Amino acid sequence: MGRGKLRIYLGAAPGVGKTYAMLSEAHRRVERGTDCVVGFVEHHGRPRTEVMLHGLEQVARKELEYRGAVFTEMDVDAVLGRGPQVALVDELAHTNIPGSRNAKRWQDVEELLAAGIDVVSTVNIQHLESLGDVVESITGVRQRETVPDEMVRRADQIELVDMSPEALRRRMAHGNIYQPDKVDAALSNYFRPGNLTALRELALLWVADRVDEYLKQYRSEHRVSKIWGSRERIVVGLTGGPEGRTLIRRAARLAEKGAGGEVLAVYIASSDGLTAASPKELAVQRTLVEDLGGTFHHVVGDDIPAALLAFARGANATQIVLGVSRRKSWQYVFGPGVGATVARDSGPDLDVHLISHGQAGKGRGLPVARGARLGRSRIIAGWAVGVILPAVLAVLLSSVHLGLANDMLLFLAVTVAAALLGGLLPALASAAVGSLLLNYFYTPPLHRFTIADPKNIVAIVIFVGVGASVASVVDLAARRTHQASRLRAESEILSFLAGNVLRGETGLEDLLERVRETFGMESAALLERASDHDPWTCAGRAGLGPAVGRPDDADVDVPVGDHLALALTGRVLPAEDRRVLAAFAAQAAVVLDRTRLQEEADRARALAEGNRIRTALLAAVSHDLRTPLAGIKASVSSLRSDDVAWSEEDQAELLEGIEEGADRLDHLVGNLLDMSRLQTGTVTPLIREADLDEVVPMALVGVPEGSVGLDVPETLPMVAVDPGLLERAMANLVENAVKYSPQGKAVLVAASAIADRVEVRVVDRGPGVPDEAKERIFEPFQRYGDAPRGAGVGLGLAVARGFTEAMGGTLNAEDTPGGGLTMVLTLRAAATHARDLLHSAEPERQTTW
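Residues numbered from 1 in each chain as written. Predicted model: local features only at pLDDT ≥ 70, side-chain atom pairs only at ≥ 80, totals over all residues. Heavy atoms only, no water.

Asker: I would appreciate a short explanation of the packing of helix α10 (residues 244–256) against helix α11 (residues 279–291) in the present structure.
Answerer: Pairs of packed helices are described in terms of their axes, by the angle between the two and the distance that separates them. The interhelical angle for the contact between α10 and α11, taken along N-to-C directions, is 10°, at an axis separation of 10 Å. What the angle tells us is that α10 and α11 run roughly parallel. The element α10 and its partner α11 pack so that their crossing is right-handed. Judged by residue contacts, Gly-244, Arg-245, Ile-248 and Arg-249 of α10 engage Glu-281, Val-284, Gln-285, Leu-288 and Val-289 from α11. Classifying every residue of the contact of α10 with α11 by side-chain character gives four nonpolar, two polar and three charged. (Axes fitted to C-alpha atoms, helices over the stretch in contact; angles between N-to-C directions. Helix = DSSP H or I, 4+ residues; strand = E, 2+ residues; numbered from the N terminus. Parallel < 35°, antiparallel > 145°, perpendicular 65-115°, else oblique. Left-handed = near helix turned anticlockwise from the far one by under 90°. Contact = heavy atoms within 4.5 Å. Nonpolar A, V, L, I, M, F, W, Y, C, P; charged D, E, K, R; others polar.)

What follows is the structure, encoded as C-alpha cells:
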C-alpha cells in the first residue's frame, strides 16, 4: 500500500471557514461513495460547523486525564484499525495532551499517511514554524503551537480559505466565531483590521510562492522550455548606458498594466571580466529598478543575444525590453546588432520591445586602453629580462649546440617572461634583440647580420611574429585583469553610495571618512564659500591630517559647483581615480544640502509650533481661565453684599460654585504647567516597578461614582513606570472618556498582558473620532467636535501622551467595536525593562581573530 495523500485547508486567522470547507469536502466525497470518517474535528460551539458533522461517521476519541481533568484526543489506533480511505483531522498544529501517542497532531497525521490513509486537515498561517517571529511582531502574541513548514509544503494539495478582514470582523461581532463575552476583547486585540490584513497578506504570499514552486517543478519535470505567460515577467536588457533608465521606467509601466507584473533588469558582461559600462550608471540603474519593485541581475556571457534569451526563458519571462541600437549606420556591416538578433531568435512566445531613446544612432564610444599599472620595479625587471637575458642566453648557448629550433624556443620563452614582467614594450624589445642574436650567432653565415638559407628567414620572421603575438596577448590579459579588478572596486564603492547615501543613511562626516579610507588619504574635507571673494570655510572634515584652508593647498581637490570643493591631503591621486572621487564629491554636496534643509525644517517647525502654542495659550487665558475666575468673583461679591440677606442654602450653593471654579482653575493651571514641562523637555520620569491595580484606581478619584468600570487583574505583571506620571496620564484619559460618554454608559478601564507589554484600554461609547482626526486630538489645545469652551483648554490628551512617551510607552486611539473611542496605553513589563537595562550596561565584547 502506498503513502496516503494530504490535503490542507490554509487560512489567515481563526474563523475564516477552514473547518466548514473541510466538512463540505467530506460530504461531497461521501456522496461519491468514498469511505470517509472524522478522526478529530472540533466545532468550538459554532452551530453551522456542528451541523456539518451530521451524517459523517466519527471515530470515537480517546480520553486522557491530565492534572485532575479529562481531555479527549484523536485515537490514532482506532482510526488505523478502522482503515478508511479518507480521514478528517482538524487543527494540524495542535499539541496533544501529555500521555498521548505523539506529542503533536501533525505526527499523528504522519502515521495515518504512512498507513496509506488520505488525510484532509486545516491550519492557520500563524502556526507555520518559520513565520513565528513575523506573526509575533504583527500581533504581539507568540504562537506556542506550530507545525514544521516542510510538513505543509509536502502536502499534495493546499487550498486557501480566504475572507476579507471586514467580513471576518462582522462574523466575530455576530457571535459566529467566539462566545459573546469574548468578542469585544478579540476585536480589540488579535482581530484588529491591521493584524488581519497583515496575516491575510502572509497567507496569500505563502500560497503564491507554493504555486510558483509547483509550476517550476512541473516545467522542470516535463522539460517545458516554452514560456507560459502565467504572469507578466518583463526582462530589461541593460548596456550600462544612460538609456537604461528610460528602458527601466518603460518596463515598469508595462508591468503595471498586468496583474502581478514583475520587472527583471539584466546586465550581461563578457566572461573575461571586462565591462565597457559605467559602474556609476549601473549602480544608479540598480537603485532605480529596485525602487520600482523590480530586481537587478548580473549575468556573464560572451554571446549577448543568446545569454539574454536564455535568461528570459529561464525566468519564464513574457516580454523583453531593449533599447534601439546606439551604433552608427556603417557599423551594421559587422552584424545585425543585439536587438535585431534577439527579435529574430525570440520565437512566438516572447515579445520584444525596441524602445527609442536619446542615444540611438549616436555611436558607442570604445574604452580607451590604458597601460596596466604594473609598478616601476616590474617594468624595470621586464626591460632587464627582455634586453639583458637574451645576451646572457646567447653566451650560454655558444658552448652548447641544441639546434636552431630549440634555440628559438628558448629565446621565445625569454620574450614571454619579459611580457609577463614588464608588459608589451619590454616583450617587443626582447623579440627584436632575440631575432638579431639568432641571426648573428645561429644562422649561416655566422657572426654576420645576413641569412643565406631562405628557410632560416622564414623561421626568424615566424619567431618575431610569434614573440610579438604572445607578448600582445599577455599584455592584453594583464591590462584586462587590472581593469576588471579596478572596475569591481569601483562598483563596490558606487554601490555603497547608491545603497547608503541615496537612502539618507550616511551623514557628512561618515561619508568623508569613507572617502579618506577608500583612497588612503590622511584627511578629507568639504570646503565652501559664499561667493568668489569670500574665504573658504570647512563644512565637514574627517581624518587627522593637516587642516586645509583652501582647495589649492590640498593634494587633491575636486570642485562641486562654484563655491564647494572636496579637498584631500596625503598623496596625489592618478587621473583615473578622480572619476569615483567626483561621485563622492557630488554626494557629499547632496548630504550637506539635505542636512541643512533638515535643520531649517526643524527650526521652522519649532517656531511654528511655538507660535501656535502661544496663540492657543493666549486664547485659553482670555476665555477658559477667565470663565471660572468670573464665576468665583461673582459668587464672592454676592456673599459680601449687604443688600441681600442670603439663606443658608443660597450661601452653600454660592460656596459650592466657588469651590468648583477653584477646582477647574487648579486643573487648567496644572495641565498648562504639565504642557510647559513637556515642551521644555524638563519631564524626568523616575522609573520603577509598579502594580497597575494599585496605580490605576488612584486615577479615578475625581470622576463621578458609577461612571467607570474597572477590570485590572491582580495577576498582571508589574510595569516599569513613574507612578505619579502614570496616574496623571490615566486621570486625563478617564476624564476625557467620561466627558464624551452618553448618560448611563459607563467607561471601561481594562488591562491585559500581551507578549512583553501590558496594555491599558480606556473604552467609551461616545460619538467616536474619524480616522483622520485620531492623531490630531493628541495635539495641544485641540478639542474635538462640539465640545463647549468650558470643557477645558484641550491639553488633557496631549499631556497624557507626553507623560506616556516619557516613560517609554505609547498612547494611541482606536475605534470601539459598536461605536465609541478606545484609548490604548501600552507600557513595558518590568522584566523587559530590567533586561534592557542589563543589556545596555554590559561591556562590548571583543573578538580576536
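Asker: What should I look at first to understand empty space enclosed by the protein in this one?
Answerer: Gaps between atoms show up when a probe of the same size as a water molecule is rolled over them. Going through the model one piece at a time under the given rule, you end up with three cavities of 30 Å³ or more. Its boundaries defined by the atoms lining it, the largest cavity holds a volume of some 100 Å³. Surrounding the largest cavity, Lys-62, Leu-64, Glu-73, Met-74, Asp-75, Val-76, Asp-77, Asn-96, Ser-100, Arg-101, Asn-102 and Asp-108 form its lining. At the level of secondary structure, the elements contributing two or more residues to the lining of the largest cavity comprise β4 (62–66) and α3 (76–82). Class assignment for the residues of the lining of the largest cavity results in three nonpolar, three polar and six charged. Looking at the second largest cavity, the residues that line it are Asp-691, Leu-692, Asp-693, Val-712, Pro-713, Glu-714, Leu-716 and Pro-717. Per-class residue counts for the lining of the second largest cavity are five nonpolar, no polar and three charged. (1 Å grid on protein atoms, 1.4 Å probe; cavity = no way out; pocket = protein on both sides within 12 Å on 5 of 7 lines; lining within 4 Å. Points joined across faces, edges and corners; volume = space filled by probe spheres on them.)

Asker: Explanation requested: helix α24 (residues 796–806) in the structure shown.
Answerer: Along an α-helix, a turn takes 3.6 residues, which lines up residues three or four apart on a common side. Of all 11 residues that make up α24, eight are buried, and the element is covered over most of its length. Turning to α24, its buried residues number three or more, namely Leu-797, Ala-798, Val-799, Ala-800, Arg-801, Gly-802, Phe-803 and Thr-804. Two residues or fewer after α24 comes Gly-808, characterised by a positive phi angle close to 85°. (Buried < 20%, exposed > 50% of the residue type's maximum accessible area, 1.4 Å probe, protein only.)

Asker: When you look at the sheet that holds strand β15 (residues 537–543) in this model, what are you seeing that I'm missing?
Answerer: Strand pairing in a sheet relies on backbone hydrogen bonds. The paired strands run either parallel or antiparallel. Within the open sheet, the four strands sit side by side as β15-β14-β17-β16. Their pairing is antiparallel. What marks the edges here is a single partner per strand, and that holds for β15 and β16 (556–559). Taking each pair of neighbouring strands and ignoring which way they run, the sheet shows an average axis angle of 15°. For strand β14 (residues 523–528) and strand β17 (residues 564–569), the ladder comprises six bridges, and the chain directions are antiparallel. Each residue of the ladder has a partner; that of Leu-526, found in β17, is Leu-566. (Pairing = 2+ DSSP bridges.)

Asker: Please clarify how the sheet that holds strand β23 (residues 810–815) should be interpreted in this entry.
Answerer: Taken in spatial order, the five strands of this open sheet run β19-β21-β22-β24-β23, and their pairing is mixed. Two strands in the sheet have a free side with no partner beyond their single neighbour: β19 (708–711) and β23. When the angles between neighbouring strand axes are averaged without regard to direction, this sheet yields 20°. Two strands pair when backbone bridges link them, and strand β22 (residues 757–763) and strand β24 (residues 821–828) are joined in this way by seven bridges, in the antiparallel orientation.

Asker: Explanation requested: a nonpolar patch on the surface in the structure shown.
Answerer: Taken together, Ile-379, Trp-383, Val-387, Ile-388, Leu-389, Val-392, Leu-396, Leu-425 and Leu-428 make up a surface patch of nonpolar side chains, about 770 Å² in accessible area. Breaking the nonpolar patch down by element, the ones donating at least two residues are α14 (376–397) and α16 (424–442). You can see Trp-383 is positioned in helix α14. (Patch = residues over 30% accessible without salt bridge, like charges linked within 9 Å, V, L, I, M, F, W, Y side chains within 5 Å. Areas by Shrake-Rupley, 256 points an atom, 1.4 Å probe, with all protein chains shown as cover. Salt bridge = Lys/Arg side-chain N within 4 Å of Asp/Glu carboxyl O.)

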